[in-house]
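Secondary and tertiary structure notes
Residues per chain, in single letters:
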Amino acid sequence: FGIALRDTQSVDDEPCFLPFYAPNTGTVAAVTIGVTAASSGTNTFLIGFYNADEDTGLPTTKIASCAIDLESTGDIRQTSFTGTPALTKNTLYFAAFCRSAAYAATYRSSKAVYGPGAGPTNSTEDSKTQLMLTGSDRTLPATVTAGNLETTYTEPPSLLLEWWF
């Protein structure tokens, strides 16, 4: 998922959260991202799927996650998950992502400038399209503390999800 206009983006230390509605009911069988510049050291792109709070719409608990190697370029596909990424059609979830180490790498992204804002912002300059979790660098926590979320401007990865029905 993502907006059709493409770009590239550096992988962040802080987990960023991109809201989405599941298009199907089933289990995500694989996730593919495009790595455009490889990491110079051992580094992975961490991707997690989170439930959304029914009242606030904010991310709450991690359902499942995977790690994609950032040491080579091209379309990288991951089929191994920690947890079961079972999603329900028309239900709000969040895809979270960050890097596991402080080595630079870039991924194929969707142009955030054309996306809707994620919430209130302190800037009229940027369209802050996602949420960022402070205090959790280079890891995807099991639960998200809502008070540590803030809006951010970063371009989300173009994620290809494959499904088991």
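Everything below is about the structure shown above.
Note that this is a predicted model, so its numbers are computed, not measured.

A few words on the sheet that holds strand β8 (residues 92–99). Taking strand neighbours across the sheet as the criterion, the six strands line up as β5-β4-β8-β2-β10-β11 in an open arrangement whose pairing is antiparallel. The outermost strands of the open sheet, each flanked by one partner alone, are β5 (59–69) and β11 (149–152). On average, each strand axis in the sheet is tilted by 30° relative to the strand beside it, whichever way the strands run. Here strand β4 (residues 44–52) pairs with β8 via seven bridges, running antiparallel. When the bridges of β8 are listed, Phe49 appears paired with Ala95.

Counting residues in hydrophobic clusters, the biggest one holds 27 residues, and the most contacted among them are Val28, Val31, Phe45 and Ile47. When contributions to this core are tallied by element, the ones reaching two or more residues are β2 (16–21), β3 (26–37), β4, β5, β8 and β12 (160–164). Those residues in contact with Val28 that sit more than four places away from it in its chain are Phe49, Phe81, Pro85, Leu87, Leu161, Glu162 and Trp163. Tyr50, Ala96, Cys98 and Leu140 belong to the second-largest nonpolar core, a separate cluster that totals twelve residues.

What counts, and where the lines are drawn
- Residues numbered from 1 in each chain as written.
- Predicted model: local features only at pLDDT ≥ 70, side-chain atom pairs only at ≥ 80, totals over all residues.
- Heavy atoms only, no water.
- Pairing = 2+ DSSP bridges.
- Helix = DSSP H or I, 4+ residues; strand = E, 2+ residues; numbered from the N terminus.
- Axes fitted to C-alpha atoms, helices over the stretch in contact; angles between N-to-C directions.
- Core = buried A, V, L, I, M, F, W, Y, C linked by side-chain atoms within 4.5 Å.
- Buried < 20%, exposed > 50% of the residue type's maximum accessible area, 1.4 Å probe, protein only.
- Contact = heavy atoms within 4.5 Å.

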